[in-house]
Amino acid sequence: MKIDAVITWVDSSDSVWRNKINQFLEKKIDWTNKKDSTRYNSINEVDITILSILKFATFVKNIFLVTDNQQPKNFTKLQEIAKENGVALKLIDHSVIFRDYKTYLPTFNSCSIITMLYQIPNLSDKFIIFNDDTFLMRKTEISDFFIQEKPIIRGRWDSFYEDKFFRKIFTQVKGLIKKEEAKKVGYKLAQQKSAKLLGFKKYIRRDHTPVPVRRSTLIKYFDENPEFLDNNIKHRFRDNSQFIISSLSNHLEVLRNTYVLEKNFNLVYFQSYNYWKTLFKLWYFDRVKSKKFVCFQSLELAPKRVLREIFTWVDCKLQTNFNDAI
């Protein structure tokens with residue numbers, strides 16, 4: 001079974017890109033303010049993502065890195081390492097996947113970009129979507145992502161927010177207190193929109209793990225519903241009307257009964273970086289052998305003391321020297 005990996009990435013330290021995004025924003029990003037810029041910031045985590053795939057997903061044949069006319073500073077070295085492992089590491093520009101929709105470029109919207117990943121030339125029918133903050137930290141097999149051609153969906157059936165009484169009250173109160181917060185596009189809300197689009201009464205709630213997808217499933221759906229594709233990719237920035245392509249793909253497979261539901265996320269998720277809490281989670285991953293995936297969200301916000309501990313742990317797993325870069 002031929003399987004590829006796809007990673008979306010942006011280098012927010014690039015002054016050209018910074019000027020480009022601020023041209024389209026009414027409220028400009030203050031790049032000196034971490035809170036203001038955290039959605040776009042990175043500290044070369046994509047290197048870890050690529051190296052973790054090479055080490056712990058040896059069945060992957062191609063790794064496609066999707067960017068906006070950018071290249072990681074270590075990309076040439078990463079390509080050499082990939083080649084040594086029999087893997088092709090390739091850069092794919094937004095202009096390639098948006099080749100028939102160039103009026104929507106430039107885009108700074110991850111929902112729009114990920115929607116178009118299936119347009120990567122020569123992409124295998126079966127591929128795995130990674131964010132640049134999602135890593136493999138234990139050996140994985142094809143059966144962790146596909147079983148008998150069927151993608152594995154890591155998640156649990158859950159009710160929509162409006163069907164949960166206490167959640168509904170909480171959302172309404174939050175909207176009254178923090179109107180700006182209420183306008184933000186939530187990860188789980190976007191999953192729910194994906195399910196509603198297909199007529200589901202509940203949705204499969206996922207977490208921040210790599211997502212296996214079948215390209216043929218998306219091609220068939222968008223060939224039959226081109227208006228949904230157009231409506232989802234036309235926004236330069238995230239919009240509440242958008243669905244998440246990985247969640248849409250999951251629910252399409254459910255409709256066809258071509259999926260395997262796995263309730264164990266096999267994930268350790270990092271969102272805040274308290275020193276002792278971080279040490280405990282790293283220890284917990286090592287202790288629980290079923291854990292395979294790690295997500296370090298907004299890692300650039302971690303204090304240097306915590307970063308050293310994380311990179312020491314990563315260096316041990318991958319035999320690298322990320323700690324030297326701090």
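Cut-offs used in this document
- Residues numbered from 1 in each chain as written.
- Predicted model: local features only at pLDDT ≥ 70, side-chain atom pairs only at ≥ 80, totals over all residues.
- Heavy atoms only, no water.
- Pairing = 2+ DSSP bridges.
- Helix = DSSP H or I, 4+ residues; strand = E, 2+ residues; numbered from the N terminus.
- Axes fitted to C-alpha atoms, helices over the stretch in contact; angles between N-to-C directions.
- Contact = heavy atoms within 4.5 Å.
- Parallel < 35°, antiparallel > 145°, perpendicular 65-115°, else oblique.
- Left-handed = near helix turned anticlockwise from the far one by under 90°.
- Nonpolar A, V, L, I, M, F, W, Y, C, P; charged D, E, K, R; others polar.
- Core = buried A, V, L, I, M, F, W, Y, C linked by side-chain atoms within 4.5 Å.
- Buried < 20%, exposed > 50% of the residue type's maximum accessible area, 1.4 Å probe, protein only.
- Salt bridge = Lys/Arg side-chain N within 4 Å of Asp/Glu carboxyl O.
- Lys, Arg positive; Asp, Glu negative; His and termini not counted.
- Polar contact = N/O pair within 3.5 Å; in protein donor to acceptor, adjacent residues only side chain to side chain.
- Phe/Tyr/Trp six-rings, centres within 6.5 Å; stacked < 30°, edge-to-face > 60°.
- Lys NZ or Arg CZ within 6 Å of the ring centre and 35° of its normal.

Draft legend 1. Just the sheet that holds strand S3 (residues 88–93), in detail. Strand order in the open sheet formed by five strands is S3-S2-S1-S4-S9, with mixed pairing between adjacent strands. Only two strands of the sheet have a single neighbouring strand rather than two, namely S3 and strand S9 (211–214). Taken pair by pair, the neighbouring strands of this sheet meet at an average axis angle of 25°, ignoring direction. Two strands pair when backbone bridges link them, and strand S4 (residues 126–131) and S9 are joined in this way by four bridges, in the antiparallel orientation. Its bridge partner being in S9, Ile-129 is matched across the sheet by Val-211. Helix H4 (residues 75–84) contacts strand S2 (60–67) and S3 of the sheet and is inclined by roughly 140° relative to S3. Running over the sheet, helix H10 (residues 215–224) touches S4 and S9 and is turned about 55° from S9.

Draft legend 2. How the structure looks around the packing of helix H3 (residues 45–56) against helix H14 (residues 304–318). Viewed as axis vectors pointing N to C, H3 and H14 meet at an angle of 30°, and their least axial separation amounts to 10 Å. Taken together, the axes of H3 and H14 are roughly parallel relative to one another. Of the two elements, H3 crosses H14, and the hand of that crossing is left-handed. For the pair H3 and H14, the contacting residues are Ile-48, Leu-51, Ser-52, Lys-55 and Phe-56 in the first and Phe-311, Val-314, Lys-317 and Leu-318 in the second. Residues belonging to the contact of H3 with H14 are distributed by class as follows: six nonpolar, one polar and two charged.

Draft legend 3. Up close: the nonpolar core. Judged by nonpolar contacts, the single largest core of 51 residues is most densely connected at Ile-53, Ile-63, Met-137, Phe-296 and Ile-310. Once residues within four sequence positions are removed from consideration, Met-137 is found in contact with Ile-48, Phe-56, Phe-285, Lys-292, Val-294, Trp-313, Val-314, Lys-317 and Leu-318. Counting 35 residues, the second-largest nonpolar core is a separate cluster that includes Phe-200, Ile-204, Leu-218 and Ile-245.

Draft legend 4. Fine view of the pattern of salt bridges. One pass over the full model with this rule turns up nine salt bridges. The residue Glu-253 makes a salt bridge to Arg-214 at a minimum N-O spacing of 2.9 Å. Here Arg-214 lies in strand S9 and Glu-253 lies in helix H12 (residues 245–256), a separation of 39 residues in the sequence. The two residues Glu-253 and Arg-214 agree in class, both being buried. A network of salt bridges, in which partner residues are shared, links Asp-125, Lys-126 and Glu-149.

Draft legend 5. Inspection of the sheet that holds strand S11 (residues 267–270) at higher detail. Taken in spatial order, the three strands line up as S5-S12-S11 in an open sheet, and their pairing is mixed. Looking at the sheet topology across the chains shown, the edges are occupied by strand S5 (134–136) and S11. Strand-to-strand twist across the sheet, computed as the mean angle between neighbouring axes with direction ignored, equals 20°.

Draft legend 6. Spotlight on the side chain of Asp-47. Looking at the secondary structure, you find Asp-47 in helix H3. This buried residue, Asp-47, is left without a salt bridge; Lys-73 holds the nearest opposite charge, at 7.2 Å. Among the polar contacts listed, one links the side chain of Asp-47 to the side chain of Asn-74, at a separation of 2.6 Å. With near-sequence residues (within four places) excluded, Asp-47 lies in contact with Pro-72, Asn-74, Leu-78 and Phe-322.

Draft legend 7. Main features of the packing of aromatic side chains. Applying the stated rule across the entire model yields 19 aromatic pairs. Relative to Phe-222, the ring of Tyr-221 lies with its centre 5.5 Å away and its plane at 65°, an arrangement referred to as edge-to-face. Using a relative accessible area of 7% as the deciding quantity, one classes Tyr-221 as buried. A connected cluster of aromatic rings, assembled from ring pairs, spans Trp-17, Phe-24, Trp-31, Phe-108 and Phe-237. Here the guanidinium or amino end of Lys-281 rests over the ring plane of Phe-270, the centre of that ring lying 5.4 Å away. Here the guanidinium or amino end of Arg-305 rests over the ring plane of Tyr-275, the centre of that ring lying 3.5 Å away.

The values reported here are purely geometric and, on their own, carry no functional implication.
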